[in-house]
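Next come the chains, spelled out residue by residue.
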Amino acid sequence: MEFPDLPARLAQVREAVARHQQIGGWSHPVRVVAVTKGHGPEAVHAAATAGLEDVGENRVQEAVAKQEEAGTVPVTWHLIGTLQRNKARQAVGRFGLIHSVDRLELAAELDRRAAAGAEVQRVLVQVNCSDEAQKGGVEPSELVPLLGAVSELRHLEVVGLMTMSALTEDRAEQRRAFSRLRELRDQGRRAGYRLAELSMGMSGDYTTAVEEGATMVRLGTILFGERSR
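What you see is a predicted model, and the numbers here were worked out from it, not measured in a lab.

What to know about the pairing of strand β6 (residues 156-162)
Here β6 lies mainly inside the structure; 6 of its 7 residues are buried. Where strand β5 (residues 121-126) meets β6, 6 bridges bridge the pair, whose relative direction is parallel. Note that in β6 the partner of Gln126 across the bridge is Met162. In this view, the connection linking β5 to its parallel neighbour β6 by way of helix α6 (residues 143-150) has right-handed handedness. In this sheet, strand β7 (residues 197-199) lies alongside β6 in parallel orientation, the contact comprising 3 bridges.

Spelled out as structure tokens, the structure:
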């Protein structure tokens, strides 16, 4: 059996999520998105067998190949990595949720491609909450204007926000990024936008994200071990 430790690892993750939700005072469901980047399609099968319903990939090309190899595995696919505008055509309709919309030009291209297939593509807006120049995401001050512009696109549905914290073990720094995204979500709601989802937290910082109200955590290494490539 591939990934024999996955059920036990997932049980530990779920227990940690419950514990840290209690610390943060939250009770909403938290979805675990199993990040299969760098692993073969067997990781997708293992995730589904373990009871995971959501699978995340960073790159469109790798995801498309894996989807074809994995066949009809009953999972929802998430695109969690940076999306280039010229890959929008391949992304639309293949992912239940795209996490990384951070500019109007990309949103407009996704909308155009979705319209061609008479589809509605669900997306998250990525926000740069760590103040790192190399990180993707719209600047916090530009979020509400972007939400306004994207809301005019008939074939996109913005269902929430996504961020990444700085790569650090400093929980205070992690918390700063995640609480900032939650505050921006609340600001967006006050402006009239329906933002149900907060996608934040990865293997090294997901417990802090859960304490700050994450509704989705994107976990790879903690579930599957180190990547093969």
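Regarding the nonpolar core
Among the nonpolar cores identified, the biggest contains 62 residues, and Ile98, Leu110, Leu161 and Leu223 are the most heavily contacted of them. A total of 5 residues in this core trace back to one element, the largest contributor, which is helix α1 (residues 6-24). Of all hydrophobic cores here, the second largest spans 6 residues; its members include Val33, Leu97, Val159 and Met162.

Remarks on the pattern of salt bridges
Taken as a whole, this structure holds 19 salt bridges when the rule is applied. For Arg94, the salt bridge is made with Glu68, and the minimal N-O distance between the two is 3.8 Å. Taken as a pair, Arg94 in the loop between α4 (88-91) and β4 (97-101) and Glu68 in helix α3 (residues 60-70) lie far apart in primary sequence, 26 residues in all. Close ionic contact of Glu109 with Arg112 constitutes a salt bridge, the shortest N to O distance being 2.9 Å. In this pair, Glu109 and Arg112 both sit in helix α5 (residues 104-116), 3 residues apart, roughly one turn of the helix. Note on Glu109: relative accessible area 9%, which makes it buried. The exposure class of Arg112 is partly exposed, given its relative accessible area of 47%.

Rules of the game
- Residues numbered from 1 in each chain as written.
- Predicted model: local features only at pLDDT ≥ 70, side-chain atom pairs only at ≥ 80, totals over all residues.
- Heavy atoms only, no water.
- Buried < 20%, exposed > 50% of the residue type's maximum accessible area, 1.4 Å probe, protein only.
- Helix = DSSP H or I, 4+ residues; strand = E, 2+ residues; numbered from the N terminus.
- Pairing = 2+ DSSP bridges.
- Right-handed = clockwise from strand over helix to strand, strands pointing away.
- Core = buried A, V, L, I, M, F, W, Y, C linked by side-chain atoms within 4.5 Å.
- Salt bridge = Lys/Arg side-chain N within 4 Å of Asp/Glu carboxyl O.

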